[in-house]
Amino acid sequence: MTKSTPILGEFKPSAMGVFHETNYKMQERYYGKREDAKAHYFRDWIPKQHEDFYNKLPFTVLATADDADDLWVSVVTGEPGKKFMSATPTDVTFVGLDKMAANDDPLFKSMKPKRPMGMLGIELHTRRRNRLNGVIELNSSGEYKIGGPILSFGNCPQYITERKWKFKPQSARAPAKITSLSTSLSKQQQALISAATTMFIGTGHPATGIDASHRGGPIGFVRVVDAHTIMWPDFPGNHMLKSLGNIEANGKLGVWFGDFVSGSVIQMTGKGRIVWGNSEEGRKEAKALRDAAISTETARFPDNFNWVVFRAEKIVERSDAL
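Residues numbered from 1 in each chain as written. Predicted model: local features only at pLDDT ≥ 70, side-chain atom pairs only at ≥ 80, totals over all residues. Heavy atoms only, no water.

Quick word on the pattern of salt bridges
Phase 1 of the analysis: This structure, assessed with the given rule, holds 14 salt bridges.
Phase 2 of the analysis: Here aspartate 69 and lysine 252 are joined by a salt bridge, their closest N and O atoms 3.6 Å apart. One end of the pair, aspartate 69, is in the loop between β1 (59-65) and β2 (71-77); the other, lysine 252, is in strand β13 (residues 252-258), and 183 residues separate them in sequence. Comparing aspartate 69 with lysine 252, the two get one shared label, buried.
Phase 3 of the analysis: Put simply, arginine 273 and glutamate 285 hold a salt bridge, and the shortest N to O gap is 2.7 Å. (Salt bridge = Lys/Arg side-chain N within 4 Å of Asp/Glu carboxyl O. Helix = DSSP H or I, 4+ residues; strand = E, 2+ residues; numbered from the N terminus. Buried < 20%, exposed > 50% of the residue type's maximum accessible area, 1.4 Å probe, protein only.)

A closer look at the pairing of strand β15 (residues 307-319)
The two faces of the sheet receive side chains in turn, since in a regular strand these alternate between them.
Phase 1 of the analysis: Counted residue by residue, β15 has ten buried out of 13 residues, so it is predominantly covered.
Phase 2 of the analysis: As paired elements, strand β12 (residues 229-233) and β15 share five bridges and run antiparallel to each other. Across the sheet, methionine 231 pairs through a bridge with valine 309, a residue of β15.
Phase 3 of the analysis: Across eleven bridges, strand β14 (residues 265-275) lies against β15 in antiparallel orientation. (Pairing = 2+ DSSP bridges.)

Quick word on the nonpolar core
Phase 1 of the analysis: Counting 37 residues, the largest nonpolar core has Ile193, Ile230, Trp232, Val255, Phe257 and Met268 as the members making the most contacts within it.
Phase 2 of the analysis: Sort the elements by how many residues they give to this core and β15 lands first, with six residues.
Phase 3 of the analysis: Once residues lying within four places of it in the same chain are set aside, the contact partners of isoleucine 193 are Leu185, Val222, Val224, Ile230, Phe257, Ile266 and Met268.
Phase 4 of the analysis: Judged by nonpolar contacts, the second largest core, of 22 residues, contains Val76, Leu97, Leu132 and Ile150. (Core = buried A, V, L, I, M, F, W, Y, C linked by side-chain atoms within 4.5 Å. Contact = heavy atoms within 4.5 Å.)

Details of the packing of helix α1 (residues 21-31) against helix α5 (residues 242-250)
Phase 1 of the analysis: Closest axis-to-axis distance for the α1/α5 pair is 8 Å, and the angle between their directions is 115 degrees. By the angle between their axes, α1 is roughly perpendicular relative to α5. You can see that α1 and α5 cross each other, and the crossing is right-handed. Facing α1, whose interface residues are Thr22, Asn23, Met26 and Tyr30, α5 presents Lys242, Leu244, Gly245, Asn246, Glu248 and Ala249.
Phase 2 of the analysis: Among the residues making up the contact of α1 with α5, the classes are represented as four nonpolar, four polar and two charged. (Axes fitted to C-alpha atoms, helices over the stretch in contact; angles between N-to-C directions. Parallel < 35°, antiparallel > 145°, perpendicular 65-115°, else oblique. Left-handed = near helix turned anticlockwise from the far one by under 90°. Nonpolar A, V, L, I, M, F, W, Y, C, P; charged D, E, K, R; others polar.)

Observations concerning the sheet that holds strand β5 (residues 116-123)
Phase 1 of the analysis: What the seven strands build is an open sheet, ordered β2-β1-β5-β6-β7-β4-β3; its pairing is antiparallel. Either end of the sheet is taken by a strand with one partner, and the two such strands are β2 and β3 (85-87). Strand-to-strand twist of the sheet, defined as the mean angle between neighbouring strand axes without regard to direction, takes the value 30 degrees.
Phase 2 of the analysis: Relative to strand β6 (residues 128-138), β5 is paired through eight bridges, and the arrangement is antiparallel.

Things to note about the pairing of strand β7 (residues 144-155)
Phase 1 of the analysis: Burial within β7 is extensive, with nine of its twelve residues counted as buried.
Phase 2 of the analysis: Across two bridges, strand β4 (residues 92-94) lies against β7 in antiparallel orientation. Within β7, the residue paired with threonine 93 across the bridge is lysine 145.
Phase 3 of the analysis: Inspection of the sheet shows β6 paired to β7 by nine bridges, in the antiparallel sense. Looking across to β7, one finds that asparagine 133 is bridged to leucine 151.
Phase 4 of the analysis: Linking two consecutive strands that pair antiparallel, namely β6 and β7, is a turn of five residues; a positive phi of about 80 degrees is found at glycine 142 within it.

Some thoughts on the environment of threonine 208
Phase 1 of the analysis: Its location among the elements puts threonine 208 in the loop between β9 (198-205) and β10 (209-216).
Phase 2 of the analysis: Looking at threonine 208, the relative accessible area reads 0%, which means it is buried.
Phase 3 of the analysis: Taking the C-alpha atoms as reference, threonine 208 lies 6.4 Å from phenylalanine 19; in sequence the two are 189 residues apart.
Phase 4 of the analysis: Dropping the residues within four chain positions of it, threonine 208 is found in contact with Met16, Gly17, Val18, Phe19, His20, Asn23, Asn133, Leu151, Lys242 and Asn246.

What about helix α4 (residues 187-194)?
Phase 1 of the analysis: Every buried residue of α4 is accounted for by Gln189, Gln190, Leu192, Ile193 and Ser194.
Phase 2 of the analysis: Against β8 (177-182), β11 (223-226), β12, β13, β14 and β15 lie the buried residues of α4.

Some words on helix α2 (residues 48-56)
Phase 1 of the analysis: Taken residue by residue, α2 has His50, Glu51, Phe53 and Tyr54 as its buried positions. For α2, the angular spread of the buried residues around the axis is 165 degrees, confining them to a single face. Turned more than 90 degrees off the buried face of α2, the exposed positions are Lys48, Gln49 and Lys56.
Phase 2 of the analysis: Those residues of α2 that are buried are in contact with β3, β4, β5, β6 and β7. (Arc of directions from axis to C-beta.)

Laid out in structure tokens, this is it:
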């Protein structure tokens, strides 16, 4: 059973590695072997191709933990035509992010030097993405950056919904503000989640830092079980199982959903667990959860799929955040 173990209290930047023991156990369960060969995809520097990619992005996805060791994930944006990220082989600086930190985003409130942070750079219209794990730093100008030690790696475009999304720049929209703080999902929030084809999650482990990653699928791939609980299928991926291994190790999970039309976002932190579809008990539990779900099942998946079940402990809704 998943145990809630501290991330921040045991995190040592100098010892940050690629995989931890639960990652290996998950790989053995899924694929029958440890995926040590996958470690060569990780670099302790940012390749030029990734540098160029980050330097042109007007937004990115970030994840970190707050003082209570709860995980938060957010989409942060810059201004079109202005450089938002400045990447070098050793770090990524967020230009002007320090001046946008007063909009009640729980992620911003959690960004403190020496704290682990995960970043996902993603282009929704090209379905390209790359990831970076590192440590929060402040440069001499007081700007936030992700510095060393770092782990830089690429991801394939699987399950990314192509989206020609033009976000509103900070200067063209009202200041983002919290419109709801709760521990349960409203009917409106349930509807937004049920219609989602894109979500972002944050997971972590003291041995490997914090990961920000994407989950996507057809409308209905996320099921709203009840006002506190959602679930989504674990699609086969890159054989690394970093996020899934983190969830299995400590259950800590941050989740983000956004309305790409209205600009409202839902950020949640809570506990996740895995329901295994390769066991009869797991298949029965997954079916029972799906059958009892509030949302209509518009997308169907094989009975032997594994599912992540997430129970929210804190829910923040913010308007004008995209």
